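Letter by letter, the chains look like this.
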Amino acid sequence: MRKVALFVPGFILLLVTVAHSQQIDIAAGGGTLLSSSPNSTSENLQAPAEKGSTYINISGDYVRAKRHLGLELETAWRYRKASYPNNGETYRPFLSDINVIFQPDVSKKVSPALAQKIGIDLMGGIGVASTRFYGLNSSSCSNPVVGCVNYTGSNHFMEDLGAGLRYYVWHRVPSLFVRPEIHYYHIQNNREFNSDNVFRASVSIGFTIHPH
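Here is what the cut-offs are and how they apply
- Residues numbered from 1 in each chain as written.
- Predicted model: local features only at pLDDT ≥ 70, side-chain atom pairs only at ≥ 80, totals over all residues.
- Heavy atoms only, no water.
- Helix = DSSP H or I, 4+ residues; strand = E, 2+ residues; numbered from the N terminus.
- Buried < 20%, exposed > 50% of the residue type's maximum accessible area, 1.4 Å probe, protein only.
- Contact = heavy atoms within 4.5 Å.
- Patch = residues over 30% accessible without salt bridge, like charges linked within 9 Å, V, L, I, M, F, W, Y side chains within 5 Å.
- Areas by Shrake-Rupley, 256 points an atom, 1.4 Å probe, with all protein chains shown as cover.
- Salt bridge = Lys/Arg side-chain N within 4 Å of Asp/Glu carboxyl O.
- Phe/Tyr/Trp six-rings, centres within 6.5 Å; stacked < 30°, edge-to-face > 60°.
- Lys NZ or Arg CZ within 6 Å of the ring centre and 35° of its normal.

## Observations concerning the overall build of the chain
Phase 1: Each helix and strand counted, the chain has two helices and 11 strands in total.
Phase 2: Starting at the N terminus, the α and β elements of the chain follow one another as α-β-β-β-β-β-α-β-β-β-β-β-β.
Phase 3: Within the chain, buried positions represent 42% of all 212 residues.
Phase 4: Here the contacts in the chain between residues at least 6 apart in sequence split such that 64% fall between residues at least 24 apart.

Here's what the structure looks like:
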């Protein structure tokens, strides 16, 4: 997918740029969206809820050890297209953001052995919620950058907050972790869907790199 193809080179550039950093985390996973449902008692045609289905996510961050602060890039997209009500189109949302990430030191609050196995990720930032609509009238070859596309897009600015708990699961590969996480997105003027407020719950598998 073109969205992922554009994200990956930027992520690689980030790693190259910050190769002297104290910690780099790379992760991928899956989850689902949670949001409010339309009022079923209304007689007016309503936009659907932006929730359910499977969402794939990839992320990367770098953090400086002394301040426990860094930057994170992340994107998530719906794995399967969904049918948009009453217009015969299908659609696929994408949620992409750049965040400030804080990884607090937990060694003073738990035992040393446990501190080596867990980590906390707290993040907040801004991004873009992009929804692609695929239909009979959605093809276009007018874009000089990406060429012909078979969809029309709707983009909205968003703010986001997130939290995750890293758990390093296997002593034989001490850098491998599992991270359950929750993200909140406030999507400005999200008129294609029922609500501006969306949550994403997911579980990621990742790897921590400590450059020298």
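## Remarks on the side chain of His 183
Phase 1: Among the secondary structure elements, His 183 is positioned in strand β10 (residues 176-187).
Phase 2: For His 183, a relative accessible area of 1% gives the class buried.
Phase 3: Contact partners of His 183, with chain neighbours within four places excluded, come to Glu 74, Met 123, Leu 161, Gly 162, Val 198, Phe 199 and Arg 200.

## Topic: a nonpolar patch on the surface
Phase 1: Among the surface-exposed residues, Leu 69, Leu 71, Val 100, Phe 102 and Leu 122 lie close enough to one another that they form a single nonpolar patch of about 380 Å² accessible area.
Phase 2: When residues of the nonpolar patch are traced back to their parent elements, those giving at least two are β3 (69-78) and β5 (90-102).
Phase 3: Relative to the helices and strands, Phe 102 resides in strand β5.

## Some remarks on the packing of aromatic side chains
Phase 1: Counted by the stated rule, this structure contains eight aromatic pairs.
Phase 2: With a centroid separation of 5.6 Å and 70° between ring planes, the pair formed by Tyr 168 and Phe 177 is classed as edge-to-face. Of the two residues, Tyr 168 and Phe 177, neither departs from the other in class, the shared state being buried.
Phase 3: Through a chain of ring-to-ring contacts, three or more aromatic side chains come together here, namely Tyr 84, Tyr 91, Phe 133 and Phe 193.
Phase 4: Its end group placed over the ring of Tyr 134, Lys 81 keeps NZ or CZ at 3.9 Å from the ring centre.

## A few points about unusual backbone geometry
Excluding glycine, most residues fall at negative phi; most peptide bonds, likewise, are trans.
Phase 1: In this model, Ser 53 sits at a positive phi of 65°, which is unusual for a non-glycine residue.
Phase 2: Mapping Ser 53 onto the fold places it in strand β2 (residues 52-64).
Phase 3: The backbone of His 68 sits at a positive phi, close to 60°, despite the residue not being glycine.
Phase 4: Locating His 68 in the fold gives a position in the loop between β2 and β3.
Phase 5: Among the residues examined, His 68 registers a relative accessible area of 25% and is labelled partly exposed.

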